[in-house]
Amino acid sequence: MATPGDEEPKKKRFFFDPFMDLLVRISKQITPEELSDIKILCSFIPKGDIIRMITAAELFHKLYEMEKINETDTSLLEQLLCKVDRQDLVENYLKGNKGYQQNQQSTTSHIQDPQTSIQEIGRASCRERV
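Residues numbered from 1 in each chain as written. Predicted model: local features only at pLDDT ≥ 70, side-chain atom pairs only at ≥ 80, totals over all residues. Heavy atoms only, no water.

*Asks:* I would appreciate a short explanation of the side chain of Ser27 in the present structure.
*Replies:* Tracing the chain through its elements places Ser27 in helix 1 (residues 18–27). When its relative accessible area of 11% is taken as the criterion, Ser27 is described as buried. (Helix = DSSP H or I, 4+ residues; strand = E, 2+ residues; numbered from the N terminus. Buried < 20%, exposed > 50% of the residue type's maximum accessible area, 1.4 Å probe, protein only.)

Right under this line is the structure:
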């Protein structure tokens, strides 16, 4: 018979932040040349910090720490991706994000034609954010 002191310790469960997971998945799609271009666009990050960043994940994490992006506001990230012609990443990864959907409502509210394709809406939103 087991005594209270003989119980197995409970294993700690670790949960990953879904937003951080999203940032990692996006960062894996960024080429070194695109990362270099994005770093140039982030002039608000101290030069010493930006030079030390060698991955897009590090850059995105810094943007998160600086409260430039978060789960409900990915507009800066969308703008950066559009500037380096990666609208595909906005469409594939950020479109389902709640913050993206809120931004889309204001961005696409002027479109009158119900036949407008999703791709055209995505391109329009990137052009408007640029």
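Resuming the write-up.
*Asks:* So what exactly am I meant to see when it comes to helix 1 here?
*Replies:* Buried within helix 1 are the following residues: Phe19, Met20, Leu22, Leu23, Ile26 and Ser27. Projected onto a plane normal to the axis of helix 1, the buried residues spread over an arc of 155° and lie on a single side. Residues of helix 1 that are buried make contact with helix 4 (56–65), helix 5 (75–83) and helix 6 (87–94). Between a side-chain oxygen at the N-terminus of helix 1 and the backbone nitrogen of Phe19 the separation is 2.9 Å; the capping residue is Asp17. (Arc of directions from axis to C-beta. Contact = heavy atoms within 4.5 Å. Polar contact = N/O pair within 3.5 Å; in protein donor to acceptor, adjacent residues only side chain to side chain.)

*Asks:* Would you mind showing me how to read the packing of helix 1 against helix 4 here?
*Replies:* How two helices pack is summed up by the angle between their axes together with the distance between the axes. Two elements in contact, helix 1 and helix 4, have axes whose closest approach is 8 Å; the angle formed by their N-to-C orientations is 145°. Classified by chirality, the crossing of helix 4 by helix 1 is right-handed. Within the contact between the two elements, helix 1 uses Phe19, Met20, Leu23, Ile26 and Ser27 and helix 4 uses Ala56, Ala57, Phe60, His61 and Tyr64. Across the contact of helix 1 with helix 4, the residue classes break down as eight nonpolar, two polar and no charged. (Axes fitted to C-alpha atoms, helices over the stretch in contact; angles between N-to-C directions. Left-handed = near helix turned anticlockwise from the far one by under 90°. Nonpolar A, V, L, I, M, F, W, Y, C, P; charged D, E, K, R; others polar.)

*Asks:* Looking at this structure, how should I read the packing of helix 1 against helix 6?
*Replies:* Running from N to C, helix 1 and helix 6 cross one another at 150°; their axes reach a closest spacing of 11 Å. Taken together, the axis directions place helix 1 and helix 6 in an arrangement best described as roughly antiparallel. Handedness of the crossing formed by helix 1 with helix 6: right-handed. Between helix 1, through Leu22, Arg25 and Ile26, and helix 6, the contact on the second element is made entirely by Leu89, Tyr93 and Leu94. (Parallel < 35°, antiparallel > 145°, perpendicular 65-115°, else oblique.)

*Asks:* So what exactly am I meant to see when it comes to the packing of aromatic side chains here?
*Replies:* Working definition: an aromatic ring pair is given by the centre-to-centre distance plus the angle between the planes. Inspection of every chain in the model, using the stated rule, returns one aromatic pair. Seen in terms of ring centroids, Phe19 and Tyr64 are 5.9 Å apart; in terms of plane orientation they differ by 40°. Their pairing is tilted. In this pair, Phe19 sits in helix 1 while Tyr64 sits in helix 4, placing the two residues 45 residues apart along the sequence. Accessibility expressed as a relative area gives 4% for Phe19, which makes it buried. Judged by relative accessible area, which is 26%, Tyr64 ranks as partly exposed. Across the ring face of Phe44, the terminal group of Lys68 is positioned such that the distance to the ring centre comes to 5.0 Å. (Phe/Tyr/Trp six-rings, centres within 6.5 Å; stacked < 30°, edge-to-face > 60°. Lys NZ or Arg CZ within 6 Å of the ring centre and 35° of its normal.)

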